[in-house]
Amino acid sequence: MLSVKNLNTEYPNDRGQIVKAAQNITFDVPEGKLFTLLGPSGCGKTTTLRSIAGLERPKSGDISVNGVSVFSSSKQFFVAANKRNFGMVFQSYAIWPHMNVFKNVAFPLEVGSRKFSKKQIEEKVMRVLTAVGLDEFADREATKMSGGQQQRLALARALVMEPKLLLLDEPLSNLDAKLRERMRFELKRMQRELGLTTIYVTHDQSEALALSHEIAVMNGGQIVQIGSPRDIYERPRNKFVADFVGLTNFLEATVDSAEAEAGRYRVNATIGSLLVSSLDPYSKGSKALISVRPEDVHISQTRPDAVNVVEAKVELKVFLGEYLDYQVSVGDHQMLARVHPSVKASVGDTVFVSMDPEKCILVQDAGVRVAS
């Protein structure tokens with residue numbers, strides 16, 4: 001549906017220096033899917049979104065929707081933003097304060113190039129207001145709506161034009177934590193039910209994991225990994241992705257040998273000899289990092305019959321309701337374990353730490369790795 005190929009966008013900063021905001025950005029989004037650009041501030045995700053929207057003119061590359069080009073540097077072709085028929089919602093909802101809910105949604109239909117009758121406008125507006133659950137508030141003043149309702153109103157206004165593509169730039173960032181969580185479910189429901197092809201920009205890892213069919217993690221203007229939420233979280237390709245998406249433990253390691261099973265390696269790590277997994281090939285003697293999530297670090301008070309078992313000492317214990325966080329020391333190395341409250345080990349106790357080789361992932365240590 002959406003195809004972005006070799007997109008490069010740059011602009012001069014305040015000192016006249018060229019900033020390469022987006023470099024060699026390439027991805028495809030199938031129809032009806034939600035694709036998230038995830039990364040820290042300044043990574044190029046919003047620049048990429050604005051380039052797709054037509055609000056920025058890239059230096060090079062190609063962008064097409066349903067096989068129809070909206071930008072091509074080689075053909076010197078650029079379709080203006082107001083001609084692309086894309087729906088857009090940004091951090092600030094830009095609700096018209098002097099209009100009620102109905103008129104806010106009707107406005108794009110009234111001023112657009114296509115002409116609609118009064119009856120057609122009413123039908124279209126009420127259909128999208130029903131879809132976002134605001135049909136009962138059509139006559140309410142927009143400024144008297146709650147934050148969550150205004151967010152849905154902004155969505156309705158974007159949807160009323162029946163866009164080919166929906167572009168969302170941090171649309172939930174202005175909401176409080178509880179409302180933001182509720183709106184994630186609401187947004188996911190609407191996107192799936194309406195079959196909206198959506199590009200979503202966020203720096204919030206939880207938001208990306210909860211909403212997306214696929215995620216592109218960005219850093220330094222480049223895409224460093226593309227994958228499903230589960231792949232991004234459980235199989236990071238490099239240190240940046242592992243560290244940015246959720247909590248993790250890093251262990252320095254040297255590859256000792258490859259195992260018979262594909263993707264398995266025996267390594268010498270800072271806490272001892274471990275069996276680990278990798279998506280990338282490594283040779284004997286290679287330096288790498290092991291990433292293992294806290295929930296994959298298991299603690300027991302008796303030695304388990306498992307692979308990757310090391311002895312540790314409990315240094316700190318924090319009760320967090322549905323789970324416990326343990327900080328344990330294995331020799332001079334500190335590790336975080338997130339376990340069920342039924343674990344009864346106390347501070348100062350000697351315990352055994354075990355880690356599934358499938359959850360101990362070798363990752364690239366340095367540099368930007370462009371996703372394949």
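In what follows, the accompanying structure is described. Because the structure is a prediction, the values reported are computed rather than measured.

## Structural notes on the packing of helix H2 (residues 101-111) against helix H3 (residues 118-131)
Part 1: Running from N to C, H2 and H3 cross one another at 125 degrees; their axes reach a closest spacing of 10 Å. Accordingly, the angle class assigned to the pair H2 and H3 is oblique. The two elements H2 and H3 meet at a crossing, and its hand is right-handed. For the pair H2 and H3, contact is made by Val 101, Phe 102, Val 105, Ala 106, Leu 109 and Glu 110 and by Ile 121, Glu 122, Lys 124, Val 125, Met 126, Val 128 and Leu 129, respectively.
Part 2: Tallied by class, the residues present in the contact of H2 with H3 amount to ten nonpolar, no polar and three charged.

## Quick word on the nonpolar core
Part 1: Within the largest apolar cluster, 36 residues are counted, with the highest numbers of intra-cluster contacts made by Val 105, Val 125 and Leu 129.
Part 2: Of all the secondary-structure elements, those providing two or more residues to this core are H2, H3, helix H4 (147-159), strand S8 (165-169) and helix H5 (177-194).
Part 3: With residues near it in sequence (within four places) discarded, Val 125 still touches Phe 102, Val 105, Ala 106, Leu 109 and Val 160.

## With respect to the layout of surface pockets
Part 1: Within this model, the largest pocket holds a volume of roughly 850 Å³.
Part 2: Residue lining of the largest pocket: 25 residues in total, with Ala 81, Asn 82, Phe 86, Pro 108 and Met 161 positioned closest to the centre.
Part 3: Those elements that provide at least two residues to the lining of the largest pocket are strand S7 (86-89), H2 and H4.
Part 4: For the lining of the largest pocket, the leading source of residues is S7, giving four residues.
Part 5: By residue class, the composition of the lining of the largest pocket is 16 nonpolar, six polar and three charged.
Part 6: Of the volumes computed, that of the second largest pocket is approximately 280 Å³.
Part 7: The wall of the second largest pocket is formed by 17 residues, among which Leu 159, Glu 162, Pro 163, Leu 194 and Leu 196 lie closest to the centre.
Part 8: Only H3 and S8 provide two or more residues apiece to the lining of the second largest pocket.

## A short note on the sheet that holds strand S4 (residues 60-65)
Part 1: Sheet architecture is open: five strands sit in the order S2-S1-S4-S5-S6, paired in antiparallel fashion. Sheet topology places strand S2 (18-29) and strand S6 (77-78) at the edges, where each strand pairs with a single neighbour.
Part 2: Relative to S6, strand S5 (residues 68-72) runs antiparallel, the two sharing two bridges. Among the inter-strand pairings, Phe 71 is bridged to a residue of S6, identified as Phe 78.

## What to know about the pairing of strand S15 (residues 287-292)
Part 1: Most of S15 is tucked away: five of the six residues are buried.
Part 2: Note that strand S12 (residues 249-258) and S15 share six bridges and pair antiparallel. Within S15, the position partnered with Phe 250 by the bridge is Ser 291.
Part 3: Bridge count for S15 against strand S21 (residues 361-363) is three bridges, and the pairing is antiparallel. Looking at S21, one finds that Ile 290 is bridged to Leu 362.

## A closer look at the sheet that holds strand S11 (residues 222-227)
Part 1: The six strands lie next to each other as S7-S8-S9-S3-S10-S11, forming an open sheet whose pairing is mixed. Two strands lie at the open edges of the sheet, namely S7 and S11, each paired on one side alone. Taking the axes of each pair of neighbouring strands and ignoring which way they run, one obtains an average angle of 20 degrees across the sheet.
Part 2: In this sheet, S8 lies alongside S7 in parallel orientation, the contact comprising four bridges. Counterpart to Val 89 in the pairing with S8 is Leu 168.
Part 3: Against the sheet, H4 touches S7 and S8, its axis set at about 165 degrees to S7.

## What about the environment of Thr 9?
Part 1: Looking at where Thr 9 falls in the secondary structure, it is placed in strand S1 (residues 2-12).
Part 2: A relative accessible area of 2% places Thr 9 in the buried class.
Part 3: Between the alpha carbons of Thr 9 and Pro 58 there is a distance of 4.3 Å; along the sequence they are 49 residues apart.
Part 4: For Thr 9, the residues in contact, after removing those within four places along its chain, are Val 19, Lys 20, Ala 21, Ala 22, Thr 47, Ser 51, Glu 56, Pro 58 and Lys 59.
Part 5: A distance of 3.0 Å separates a polar atom in the side chain of Thr 9 from a polar atom in the side chain of Ser 51.

Quick notes on the rules
Residues numbered from 1 in each chain as written. Predicted model: local features only at pLDDT ≥ 70, side-chain atom pairs only at ≥ 80, totals over all residues. Heavy atoms only, no water. Axes fitted to C-alpha atoms, helices over the stretch in contact; angles between N-to-C directions. Helix = DSSP H or I, 4+ residues; strand = E, 2+ residues; numbered from the N terminus. Parallel < 35°, antiparallel > 145°, perpendicular 65-115°, else oblique. Left-handed = near helix turned anticlockwise from the far one by under 90°. Contact = heavy atoms within 4.5 Å. Nonpolar A, V, L, I, M, F, W, Y, C, P; charged D, E, K, R; others polar. Core = buried A, V, L, I, M, F, W, Y, C linked by side-chain atoms within 4.5 Å. Buried < 20%, exposed > 50% of the residue type's maximum accessible area, 1.4 Å probe, protein only. 1 Å grid on protein atoms, 1.4 Å probe; cavity = no way out; pocket = protein on both sides within 12 Å on 5 of 7 lines; lining within 4 Å. Points joined across faces, edges and corners; volume = space filled by probe spheres on them. Pairing = 2+ DSSP bridges. Polar contact = N/O pair within 3.5 Å; in protein donor to acceptor, adjacent residues only side chain to side chain.

Interpretation in functional terms is not warranted from these geometric data alone.
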